[in-house]
Amino acid sequence: MKPNKANKRGASRRTKGATFRAVPIGKQTEQSGTISSWIAGVRQSVSAYFRTHKEVASQSFKRLYDAPLPTVMTWLVIGVSLALPAILLSLLVNAQTLGSGFDQQANIHLYLQVDMPEAEAQQFAQQRCEDVRIASCQFISASEALTEFSGWSGFADVLIQLDSNPLPAWVNITPKHAQLTLTELQQLVVELEQFEVVDQAQLDILWVQRLFSVIDLFQRLVWALAVLLALAVLLVIGNTIRMDVENRSDEISVVKLVGGTAAFARRPFLYSGFYYGFGGALTALVMVEFAVLWIRQPIDRLIELYGSHFEFVAPDLAFIFGLLSLGVLLGLAGAWMSVRKYSFD
Amino acid sequence: MIRFNRVSKRYQNGHDALDNISFSVEQGQMVFLTGHSGAGKSTLLRLISLLDRPSSGTIEINGVELLQLSGRKIPLYRRGLGVVFQEHRLLFDRSVYENVALPLRVASYSPLEIRRRVQAALDRVALLSKESLNPQELSGGEQQRVGIARVIVNTPTILLADEPTGNLDPKLSEEVMGLFQQFNQFGTTVLVATHDLALVEKMGNPNLELEHGRLLV
Ligand SMILES: Nc1ncnc2c1ncn2[C@@H]1O[C@H](COP(=O)(O)OP(=O)(O)OP(=O)(O)O)[C@@H](O)[C@H]1O
Ligand SMILES: [Mg+2]
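Asker: Can you help me understand the sheet that holds strand S1 (residues 2-10) of chain B in this one?
Answerer: Within a sheet, adjacent strands bond to each other through the backbone by hydrogen bonds, running parallel or antiparallel. Residue and element names in this part refer to chain B. Taken in spatial order, the four strands of this open sheet run S2-S1-S4-S5, and their pairing is antiparallel. Because the sheet does not close on itself, it has two edges, and the strands there are strand S2 (16-25) and strand S5 (64-65). Relative to S1, helix H1 (residues 41-48) is tilted by about 120°, and along the sheet it contacts S1, S2 and strand S4 (56-61).

Asker: Mind showing me how you'd approach helix H3 (residues 35-66) of chain A here?
Answerer: Structural remark: α-helix, 3.6 residues per turn; residues separated by three or four positions point the same way. Given a rise of 1.5 Å per residue, 32 residues ought to cover 46 Å, and the 46 Å separating the end C-alpha atoms of H3(A) matches this to within 8%. Within H3(A) the residues assigned to the buried category are A:Ser37, A:Ala48, A:Thr52, A:His53, A:Val56, A:Ala57, A:Ser60 and A:Leu64. Here the buried face of H3(A) lies against helix H4 (68-95) and helix H11 (262-305) of chain A together with helix H3 (96-106) of chain B.

Asker: Mind showing me how you'd approach the state of the cysteines here?
Answerer: A covalent bond between the sulfur atoms of two cysteines is referred to as a disulfide. Residues and elements named next belong to chain A. One pass over the structure, following the stated rule, counts one disulfide over all chains. Between the sulfur of cysteine 129 and that of cysteine 137 lies a disulfide, 2.3 Å long from S to S. Note on cysteine 129: relative accessible area 31%, which makes it partly exposed.

Asker: Please clarify how unusual backbone geometry should be interpreted in this entry.
Answerer: Only a minority of non-glycine residues have a phi that is not negative, and only a minority of peptide bonds are not trans. All names here are of chain B. For leucine 50, which is not a glycine, the phi torsion comes out positive at approximately 60°. Among the structural elements, leucine 50 can be located in the loop between H1 and S4. Of note, the phi angle at glutamate 163 is positive, near 50°, even though the residue is not glycine.

Asker: Honestly, the pattern of salt bridges in this entry has me stumped. Any pointers?
Answerer: A side chain of one charge can pair with a side chain of the opposite charge if their charged atoms are brought near each other. Evaluation of the coordinates by the stated rule reveals 21 salt bridges over all chains. Here A:Arg133 makes a salt bridge to A:Asp131, at a shortest N to O gap of 3.0 Å. Its salt-bridge partner being A:Glu246, residue A:Arg242 comes within 3.2 Å of it at the nearest N-O pair. With A:Arg242 and A:Glu246 both in helix H9 (residues 206-247) and four residues apart, this pair spans about one turn of that helix. In this structure A:Arg242 comes out as partly exposed when scored by relative accessible area, which is 33%. When its relative accessible area of 48% is taken as the criterion, A:Glu246 is described as partly exposed. Each of the salt bridges in this network shares a partner with another, and the network as a whole consists of A:Arg63, A:Asp244, A:Arg248, A:Glu251, B:Asp93 and B:Arg94.

Asker: Looking at this structure, how should I read the domain arrangement of chain A?
Answerer: Note: interface size is frequently given as the accessible area lost on complex formation between the parts. What the domain assignment lists for chain A is domain 1 (53-101 + 209-339) and domain 2 (108-203). For domain 1 of chain A and domain 2 of chain A, the distance between their C-alpha centres works out to 48 Å.

Asker: Please clarify how the site of ligand 1 should be interpreted in this entry.
Answerer: All names here are of chain B. Residues in close proximity to ligand 1 total 15 residues, the closest being Ser37, Gly38, Lys41, Ser42 and Thr43. Between ligand 1 and serine 37, the relevant distance is 2.5 Å, taken from an oxygen atom to a side-chain nitrogen or oxygen of the residue. Between ligand 1 and alanine 39, the relevant distance is 3.2 Å, taken from an oxygen atom to a main-chain nitrogen or oxygen of the residue. Relative to its unbound accessible area of 640 Å², ligand 1 is 66% covered by the protein chains. For the shell around ligand 1, the leading source of residues is H1, giving three residues. The residue inventory of the shell around ligand 1, partitioned by class, reads three nonpolar, 10 polar and two charged.

Asker: What's the story with the packing of helix H8 (residues 182-193) of chain A against H9(A) in this structure? I'm lost.
Answerer: The description of two helices packed together rests on the angle between their axes and the distance between the axes. Residues and elements named next belong to chain A. Packing of H8 against H9 brings their axes to within 11 Å, and their N-to-C directions diverge by 100°. With respect to H9, the element H8 is oriented roughly perpendicular. Contacts between H8 and H9 pair Leu182, Leu185 and Gln186 from the former with Val208, Leu211, Phe212 and Ile215 from the latter. Counted by class, the contact of H8 with H9 contains six nonpolar, one polar and no charged residues.

Asker: Got a minute to help me understand the nonpolar core in this structure?
Answerer: Side chains of nonpolar character tend, in soluble globular proteins, to be buried together. Core analysis: the largest hydrophobic core is formed by 39 residues, its most contacted members being B:Val100, B:Val118, B:Leu122, B:Ile148, B:Leu159, B:Phe180 and B:Val192. Sorting the residues of this core by element identifies strand S3 (30-34), H3, helix H4 (111-124), helix H5 (140-152), strand S7 (158-162), helix H6 (170-185), strand S8 (189-193) and helix H7 (197-203) of chain B as the ones contributing at least two each. Sequence-distant contacts of B:Leu122, that is, excluding residues within four places in its chain, are made with B:Val96, B:Tyr97, B:Val100, B:Leu127, B:Leu128, B:Glu131 and B:Ala149. Membership of the second largest hydrophobic core comes to 36 residues, among which are A:Ile252, A:Ala265, A:Phe269 and A:Ala335.

Rules and cut-offs
- Residues numbered from 1 in each chain as written.
- Chains lettered and ligands numbered in written order.
- Predicted model: local features only at pLDDT ≥ 70, side-chain atom pairs only at ≥ 80, totals over all residues.
- Heavy atoms only, no water.
- Pairing = 2+ DSSP bridges.
- Helix = DSSP H or I, 4+ residues; strand = E, 2+ residues; numbered from the N terminus.
- Contact = heavy atoms within 4.5 Å.
- Axes fitted to C-alpha atoms, helices over the stretch in contact; angles between N-to-C directions.
- Expected span 1.5 Å × (residues − 1).
- Buried < 20%, exposed > 50% of the residue type's maximum accessible area, 1.4 Å probe, protein only.
- Disulfide = S-S within 2.5 Å.
- Salt bridge = Lys/Arg side-chain N within 4 Å of Asp/Glu carboxyl O.
- Domains from an automatic or database assignment.
- Near = heavy atom within 4 Å.
- Polar contact = N/O pair within 3.5 Å; in protein donor to acceptor, adjacent residues only side chain to side chain.
- Areas by Shrake-Rupley, 256 points an atom, 1.4 Å probe, with all protein chains shown as cover.
- Nonpolar A, V, L, I, M, F, W, Y, C, P; charged D, E, K, R; others polar.
- Parallel < 35°, antiparallel > 145°, perpendicular 65-115°, else oblique.
- Core = buried A, V, L, I, M, F, W, Y, C linked by side-chain atoms within 4.5 Å.

Right under this line is the structure:
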């Protein structure tokens, strides 16, 4: 340090460098009122707008970069919170592509209304076969059902004494398993049950039916978990930014005093929120990719054991884009929550 | 022009910091504000910079009644003001250059214009060679001068200074006052609050004297 020399240098310059004019700020940018000057003015302020955004964006990034440990910790917390539901969701997505053909083929039993005329029932059964998802449909009339039932139930004596047949006619439907996923099979069952003449539609293999219920339950749990964890991310980001705002209250008051707008003072914090959210979502994506790699093999093997086919799909572009947008959205919302309450005027 | 009309300020604890003050400072004047500690000098400057509102009375700055200034116009109004604080309030997370550039960034000046103005302002306070240092690496007097550069960079129409020479030795104090005087000669209205009566006498500018929140005539 050589302050003396520096002072001398400054002092010598000072004599010639009289660049200051006491002109009110508003007058400096004033231009004549022609349209072209108006357009030039608009263009200038638009480019100034983008310039300030660029500056603030890079400054906010630098601030996070300069404090790598807390930044990475925040990213990891957000990453874990987003990755957990994301992994479970991608498992769900994959469950939906699971083929419906297993070593035991599940048929759908359509029990028709008891009072339905036989001709009508038979016609209904035939019409079902026009559905491209159905391979074959076999009609079993009420009397056939009764014969069959008494044959294997051992209640033949009792049944003969009844004046009317208590059993309904039914249709045994074999779906084209090779072309259907498990979800599509479930959809088919639901659709068939909606016909008025159908009393009940049932898969004849119980565990496949149970699988549907389990997947349904799992789906709800995953969504509930996703909502809770998104809330946690919002709070983590909000709290981080809030502390940041408090630490930088000096800066905020100076910005205020030199004529910065509230928007200007808030902007760096919104950018921080953006980076926390985006970085957190990126971290989550990496975690999801690793998790998928890790669980892919055992799942493939498990499905094979049941004789089904299955193509494990890795997260696609829509998934990646969705997760990143969610992160950014949570980041901005969290930051906004924290700067909103603070007085910037 | 600064015009106070029967202005009083009572703080929330019931203390009357200013009591029925009326005065006016014409455009282009340089005026001192003196008085013992606690007389209300800082309070008066805070009212002008809209960091606080008067309890009663009106303040008119360059023809604008401050009470009628809507929230959205306050930042623009403040850009026409320059305030040097009692404590310099520099930001230690950025260079001297960036500290001085802040008022220009806030007002979206072009990078070229920012460079030109910041260098000219730093030159004025003889700190051009230290533009890339952190203010923490400067002496108290140098920090005070950075604060002054930050004010003049924006060519304000009104310059307010609260004890600008509090941390400076007599020679530097005179230099700083000389800067204000120079600046005043270009038409800027200057209002300086200070304890330093010797300096005030030497400068020969008009003097508003406060005592317990009242103006002595
Ligand atoms: N925020 C506040 N709340 C309550 N009282 C305050 C507040 N700020 C200042 N005061 C009181 O108002 C009076 C005037 O304060 P002010 O800061 O204006 O004095 P000053 O003339 O600047 O003094 P100094 O020369 O010591 O800086 C003081 O008695 C002080 O205690
Ligand atoms: Mg004071």
